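# Structural characterization, general
Chain residues, written in single-letter form:
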Amino acid sequence: MAIAVETTFHGVTLAEYDDLLRRLDFRRGGDSEPGCLFHYTIPTDDGFRGVDVWESVESFERFVGGRLAPVLENLGIDRPEVAMSEIHNYLIAPPERRG
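For the structure given in this document, a descriptive report is provided here. For clarity, every value in this text was computed on a predicted model and none was experimentally measured. (Residues numbered from 1 in each chain as written. Predicted model: local features only at pLDDT ≥ 70, side-chain atom pairs only at ≥ 80, totals over all residues. Heavy atoms only, no water.)

### Thoughts on the pairing of strand β2 (residues 36-44)
The condition is simple: At least two DSSP bridges between two strands are needed for those strands to be called paired. Runs of H or I in DSSP of at least four residues are treated as helices and runs of E of at least two as strands, each being numbered from the N terminus.
Where β2 and strand β3 (residues 47-54) come together, 8 bridges link them in antiparallel fashion. Looking across to β3, one finds that T44 is bridged to G47. Turn length for the β2-β3 hairpin, with the two strands adjacent in sequence and antiparallel, is 2 residues.

### Some details on helix α2 (residues 57-75)
Our working rule: Here the expected length of a helix is defined as 1.5 Å per residue gap, with one fewer gap than residues. One axis fitted to the seven residues ending at a residue, another fitted to the seven starting there: the angle between these axes is the bend at that residue. Partly exposed residues are those whose accessible area sits between 20% and 50% of the maximum for their type, while under 20% is buried and over 50% is exposed, using a 1.4 Å probe and protein chains only. Here, two residues are considered to be in contact whenever any of their heavy atoms come within 4.5 Å of each other.
For α2, which comprises 19 residues, the first-to-last C-alpha distance of 25 Å matches the rise-based estimate of 27 Å (1.5 Å per residue) to within 8%. Approximately 45 degrees is the largest bend angle found in α2, and it occurs at L68, with the proline P70 only one to four residues beyond. Among all positions of α2, only S59, F60, F63, V64, L68, A69, V71 and L72 are buried. Contacts made by the buried residues of α2 are with β1 (3-10), α1 (14-23), β3 and β4 (81-86).

### Here's the deal with the nonpolar core
A general tendency of soluble globular proteins is for nonpolar side chains to be buried together. Operational definition: What is meant by a nonpolar core is a set of buried Ala, Val, Leu, Ile, Met, Phe, Trp, Tyr and Cys residues, joined one to another through side-chain atoms within 4.5 Å.
If you look at the biggest cluster of nonpolar residues, it comprises 19 residues, and the most contacted ones within it are L24, W54, F63 and L68. Looking at this core, the elements with two or more residues in it are β1, α1, β3 and α2. With residues up to four places along the chain from it excluded, the contact list for F63 reads L24, F26, E33, W54 and L68.

Dropping the structure here:
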């Protein structure tokens, strides 16, 4: 079952987020982690929020435990607040309409 995940990072700049992406071998507009169907990031008053759609809770937890947590620890970034919700439905643009 697909889930929505919101991760809210307090006291972390967008420049630090960009560095985090580089260290995870992601690039803007590039491919996501296996199991992550969609990801975007928005600034907040004191940091940023990542919003994802994952195939399952397990795929999200596998990413956090195997890849994200070690990089956050290495950078000295506290783990974010996490909110999860079951998804009833989501739509994806057809390949010919994707940027």
